[in-house]
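Report on the structure
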Amino acid sequence: MRRLDFAIALAAALAALPAFADPPRDSLHPGDAEVWQVPDPRGMSLLLDTRKRSPSGILYAYPPALYDLSDLGGGWLTRGALESGYTLVGGDERETRFTKYVERKDGFLVSGLDFELWKPETGDYAMLRAGSLGRHDQFYDLEASRAGWLRFRGSFSGVPHKYGTDDVVLWNGGGSDSLTLPPGLSPAGNTQSALEAALASRALGTVEVQRDRTQLALRLRALPNLSLVAQYGLDDRKGAIPSAVGFAYPDFSSSIGGALEVPAPVDDRTHSARASLEWSSDLVQFNLGYNASLYRNQENSLTIAQPFESFGPTPITQARLGLAPDNDWHNVRADVAVNMPMRSRLTTGISWSRSTQNQDLLPPTIQSGTIGTTDLASWNSAAALSSKSAHARVDQVLVDIGLSVNPWRPLRLRGGYRFSNQDTKTNYLAFNPQTHQFGYIAEDGGFGATFGPSYLGFYDPTVPGSNWRTRNAPYGESHTTLDAGATYTAPWKSSLDLLLEQEDVDRDVSERPETRERRVTVSLNSRALSFATARLSYKYVGRDGGAIDYGVYKQYTSESLPGYIPAFPDGDGAHNLNQLVRPSLADLDGQRWNARLVFPLGERSDLSLAASLRDDNYGPGYGLTSDRTSGVEADWTVQASPAFSGDLFVSLERHNRDMQNIRGQATSANGDAGGPNYKFSNQWGVRARGDAVGWGAGLSAQPLHWLQLETRYTFLVTRDREHLSFASLSSLANPDFASPVPGTLPELRSRDSAVETSLRVALRKSTALRFYYRYERSDVDDFHQTGLPTLLGRRIYFGHKDLGYQASFYGLALQVSFGAGW
Amino acid sequence: MGSSQGTLLLLFALALGACAQPSDERTDAPGRDVAYVGDALCKSCHSVEASHWDRTVHARAFGANPRTELEQHTCESCHGPGGKHVGEPTSATIVAFTRDSSYAPEVMNSMCQQCHRGGALMYWIGSTHELRGLACSDCHNPMAQSSAESLLRKENANQTCFTCHPQQRADFAKRSHMPLLEGKISCTDCHNPHGSTTNPLLKADDVNQLCTSCHAEKRGPFIWEHAPVRESCLNCHKPHGSNHEKLLVTALPLLCQECHSPIDNPNFGHPAGLLTAQNMATGGAPDDRLMNRGCLNCHSQIHGSNHPSGPKFHR
């Protein structure tokens with residue numbers, strides 16, 4: 001990292017955002033990460049006959065048995081435990097999904113480490129937890145504190161992410177910024193059969209990214225009412241991710257590549273720094289914070305050798321992708337809350353952010369040669385740019401004011417005002433000062449090589465409809481929200497709440513600049529029933545707005561340039577179907593229901609039920625038209641004794657998503673549905689119907705004092721089916737292949753089940769054996785992957801498929817404790 | 001609001017009223033006119049409770065480094081003075097934090113808020129959880145160290161949240177998901193359950209600020225931006241898990257076709273015709289939009305492009 005950035009990151013580490021979140025773990029220790037815990041057989045109390053429940057009725061778990069602590073001398077107490085052993089994998093362990101976010105392999109493993117030091121006299125303590133040491137999903141979590149005064153937290157977490165373990169990558173250089181063809185192949189000079197042979201000779205490879213996350217945090221209670229917090233984080237990523245590059249439409253290209261799937265290098269670091277001070281007193285609470293996030297990418301571009309034959313005077317031999325540029329984000333935030341008479345409270349939050357990015361820009365193309373009369377030498381250097389760097393910037397501001405008044409104890413009134421604004425200051429002009437042309441070079445010349453020189457990507461005033469982007473669109477928007485609410489607390493442990501909200505959105509550049517959304521929420525919460533706690537809510541959302549006009553985008557294209565000749569007598573081609581707008585801009589009529597019920601069942605059990613329904617209907621008739629999701633979940637937990645507990649859950653979800661569109665034709669400037677471009681006979685629709693059904697059960701048992709068992713089973717099946725409808729064959733992307741046309745696409749389906757078991761056998765007070773076993777079975781059917789080859793016409797893919805698998809993970813470990821026993 | 005839904009809600013409210021008994025919950029915080037008795041006396045009866053509590057950060061702080069007079073009272077700093085409770089040891093004479101407490105949740109919460117106010121709790125009043133009548137002790141159990149952090153009722157924040165949010169537990173088990181069940185991310189990495197300035201209780205000013213805190217490569221700003229990306233990541237992605245790849249809200253290319261319908265002209269794009277099984281890799285007319293990465297087989301820089309030739313996110 002550059003020194004200045006390092007200095008900025010350190011200097012910024014003076015204030016912090018919200019306090020310590022849950023520390024990282026791994027799949028072997030998703031919970032507390034103690035090497036082993038057992039419930040305290042005494043429970044929480046010897047005085048009470050009945051088990052305690054939370055105010056909402058949920059049974060508290062038996063607390064963990066206390067560790068014995070050994071005296072180190074000097075007032076220090078200590079304990080610790082280590083778990084290490086050997087792990088084995090079996091079955092289809094190479095399948096991507098089995099190790100997507102975890103590392104499972106044969107070998108020795110230090111699977112758990114925890115250590116504690118404590119000095120009661122001073123309140124000083126230190127705790128270390130770690131797991132999967134040395135593996136890609138390892139974690140370390142250190143806390144050191146003087147209780148009540150100073151607290152330090154440091155953690156490290158490895159997060160692997162596999163995208164495919166069965167990938168066939170044609171190019172050499174995966175993970176670097178240059179992909180070259182293997183020996184025997186030459187750029188732009190290979191027949192289909194030569195490429196087939198080359199792909200057949202490539203070994204299966206893995207495309208993956210490793211993210212290593214380090215976080216340091218310090219909290220100092222400088223005064224009884226004043227805390228200072230500082231935090232620094234580093235996310236370090238290395239590897240490659242699947243990406244793609246295109247040169248032309250594969251179906252229309254008789255040469256060069258259409259779409260090529262390539263591994264894009266990942267070698268970046270994100271430095272985050274936070275600093276804040278927090279003041280709290282009876283009357284006033286105040287937060288002031290600074291946050292920063294600095295993204296640094298060691299790879300700024302990816303050059304790819306084009307493998308297909310490319311004919312014509314200038315073969316298209318390569319492409320260059322622009323990778324994520326370095327960017328900076330800075331934020332300053334202040335929050336104030338004042339407690340006032342009548343149990344009232346005023347809160348104000350102000351936040352300002354700036355995102356900047358000023359990366360040196362790549363030339364419009366990497367290609368050389370001449371296409372038509374265009375010499376690409378005038379486009380393949382920085383001299384072809386109107387600006388050598390991006391000068392990109394977005395400013396954001398947020399103001400949030402809330403007032404809560406309690407004039408009469410059962411009645412609370414509140415009101416709020418929220419204003420947020422996002423302002424894009426980027427102003428990029430696609431203009432070549434050497435040639436005095438507006439535009440760029442599309443697909444590194446591939447587009448022009450396919451459709452002719454007038455389609456190279458820059459404006460030609462002699463060609464009707466020579467419509468190319470010339471400027472960036474500075475998207476920005478402001479949201480103004482007013483809300484008013486009232487809560488009435490009834491004398492029978494129940495409350496009724498009403499909230500009214502209105503949100504106005506104004507967009508700087510949009511086909512629909514203004515929308516207004518109104519929301520009404522009613523909720524009922526009750527602990528009145530001795531046998532249940534109920535929480536119900538209903539929310540209505542209504543949105544409308546101004547007219548939809550896609551003409552707003554003309555100013556960012558060559559259509560706005562002097563002398564432009566439209567493609568058609570009545571104007572230039574329609575930008576989009578006028579009656580189609582993205583869901584966040586569309587008229588909305590939506591309802592959302594939520595219900596949660598908790599039933600305390602006797603002394604040892606509870607049952608939770610949850611149900612939800614979201615029913616959104618969109619106008620004006622095209623694009624997403626409706627989105628409906630409903631779900632029901634049930635959880636039953638039983639804590640028969642500290643030695644036996646179990647749970648059972650079921651979840652059901654159903655979702656429907658409907659859309660409509662029209663296959664457009666280029667005959668005029670008319671963008672209306674039913675017009676010459678968007679004929680009703682070309683209309684089509686998709687009704688997506690899906691569901692997800694899951695269930696699971698868990699058991700924790702200690703039948704003998706030296707024997708503990710924990711086992712869990714989970715199952716989930718999901719299905720999605722797209723039901724197709726169309727007005728005529730002209731609605732289809734490929735009318736020539738109309739027969740037969742199934743009414744649905746093949747079902748998207750996944751089925752996952754897993755059994756996970758830990759059996760612990762105590763050999764002595766401080767020694768135990770742990771046997772761990774996990775079995776997974778999974779099947780996926782995805783029509784995107786069905787029959788996917790590595791070479792198909794002018795396309796090259798990795799050929800990755802999510803295959804069905806059955807795999808097991810075994811572990812046998814020795815647990816040794818020191819300074820403590822169970 | 002629809003009339004049928006409103007009627008249902010009203011009927012339920014009336015039914016509740018018919019079933020419920022008037023509450024004798026106390027809504028005023030306990031006064032300080034009762035004498036403090038000292039934690040030694042508390043622990044003489046509540047020995048098991050004390051043994052667990054002694055290992056918690058509260059006990060370590062109050063025992064060794066009390067910074068205020070309140071903290072010096074240890075047990076009684078949270079439960080209120082114990083003078084009456086000594087003579088009449090029931091939940092009516094002390095502030096309990098459980099379902100059988102004689103105090104309303106707002107009073108229970110006020111005991112915690114004697115110290116825990118401001119900071120991450122700045123926006124607790126009026127937050128969704130507070131308006132739903134949750135007590136601090138619905139999620140926290142300060143009497144025992146069941147979790148590594150935050151004295152939670154269960155072993156970690158995720159398990160605590162799943163108690164009331166089981167739908168999210170199902171989402172995290174779907175085909176593409178955030179690595180929460182693998183232990184690599186927590187609910188509290190994105191949400192502040194104590195309240196924030198956003199409806200979903202996010203730990204940022206908006207969705208994009210939150211997502212790009214980890215996915216900073218997507219933050220931009222780019223010279224060529226994609227409007228729905230600049231607006232909100234949730235236009236295309238689900239935050240927890242999805243049946244589709246990359247946490248997308250629906251299958252490709254339908255997701256893109258919900259917004260785009262260009263006409264058939266090389267300058268303007270390729271038309272949004274209906275793709276069928278014929279367009280799969282095994283069909284008569286394979287089409288990239290239905291295979292592999294869908295539209296992203298060409299439009300790979302879909303989150304924004306910083307390449308001068310990238311206005312359509314090809315570069």
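To start, this report covers the structure provided alongside it. (Residues numbered from 1 in each chain as written. Chains lettered and ligands numbered in written order. Predicted model: local features only at pLDDT ≥ 70, side-chain atom pairs only at ≥ 80, totals over all residues. Heavy atoms only, no water.)

**Structural notes on unusual backbone geometry**
In this model, Gly-220 of chain B is joined to Pro-221 of chain B through a cis peptide bond whose omega is -5 degrees. Following the sequence through the fold, Pro-221 of chain B ends up in the loop between helix H14 (207-214) and helix H15 (227-231). Positive phi outside glycine occurs at His-436 of chain A, with the angle close to 60 degrees. Looking at the element boundaries, His-436 of chain A is found in the loop between strand S20 (431-432) and strand S21 (437-438). (Helix = DSSP H or I, 4+ residues; strand = E, 2+ residues; numbered from the N terminus.)

**Regarding the interface of chain B and chain A**
Counting from both sides, the interface comprises 174 residues of chain B and, opposite them, 255 residues of chain A. Both sides together, the interface formed by chain B and chain A hides about 17,200 Å², and carbon and sulfur atoms give 54% of it. The largest per-residue losses of area from chain B upon contact with chain A belong to Arg-99, Leu-274 and Arg-315 of chain B, which jointly make up 5% of the total buried on that side. Where chain B touches chain A, the interface holds 20 salt bridges. Across the pair Arg-151 of chain A and Glu-149 of chain B runs a salt bridge whose closest N-O atoms are separated by 2.7 Å. Taken together, the links from chain B to chain A amount to 83 residue pairs in polar contact (both at pLDDT 80 or more). Looking at the side of chain B that touches chain A element by element, the count peaks at seven residues for helix H1 (residues 3-19) of chain B. Across the side of chain B that touches chain A, the residue classes break down as 66 nonpolar, 65 polar and 43 charged. (Contact = heavy atoms within 4.5 Å. Buried area = accessible area lost by both parts, 1.4 Å probe. Salt bridge = Lys/Arg side-chain N within 4 Å of Asp/Glu carboxyl O. Polar contact = N/O pair within 3.5 Å; in protein donor to acceptor, adjacent residues only side chain to side chain. Nonpolar A, V, L, I, M, F, W, Y, C, P; charged D, E, K, R; others polar.)

**Thoughts on the pattern of salt bridges**
In a structure, side chains of opposite charge can pair up when their charged atoms sit close to one another. Under the defined criterion, the tally for this structure stands at 76 salt bridges over all chains. Residues Asp-124 of chain A and Arg-146 of chain A are paired through a salt bridge, measuring 2.6 Å at the closest nitrogen-oxygen approach. You can see Asp-124 of chain A sitting in strand S4 (residues 124-131) and its partner Arg-146 of chain A sitting in strand S5 (residues 139-146), a full 22 residues away along the chain. A salt bridge links Glu-653 of chain A to Lys-174 of chain B; the nearest nitrogen and oxygen atoms lie 3.1 Å apart. Placement of Glu-653 of chain A in strand S29 (residues 644-662) and of Lys-174 of chain B in the loop between helix H12 (166-172) and strand S1 (176-177) is noted, with the two residues assigned to different chains. Just as Glu-653 of chain A is buried, Lys-174 of chain B falls in that class too. Shared partners join several salt bridges into a network, and the residues in it are Glu-95, Arg-97, Asp-782 and Asp-802 of chain A together with Arg-175 and Glu-245 of chain B. (Buried < 20%, exposed > 50% of the residue type's maximum accessible area, 1.4 Å probe, protein only.)

**Here's the deal with the environment of Lys-105 of chain A**
Residues and elements named next belong to chain A. Secondary-structure assignment places Lys-105 in the loop between strand S2 (76-91) and strand S3 (107-119). Taking the C-alpha atoms as reference, Lys-105 lies 23 Å from Val-780; in sequence the two are 675 residues apart. Ignoring sequence-local partners within four residues, the contact set of Lys-105 consists of Thr-87, Leu-88, Val-89, Arg-135 and Phe-809.

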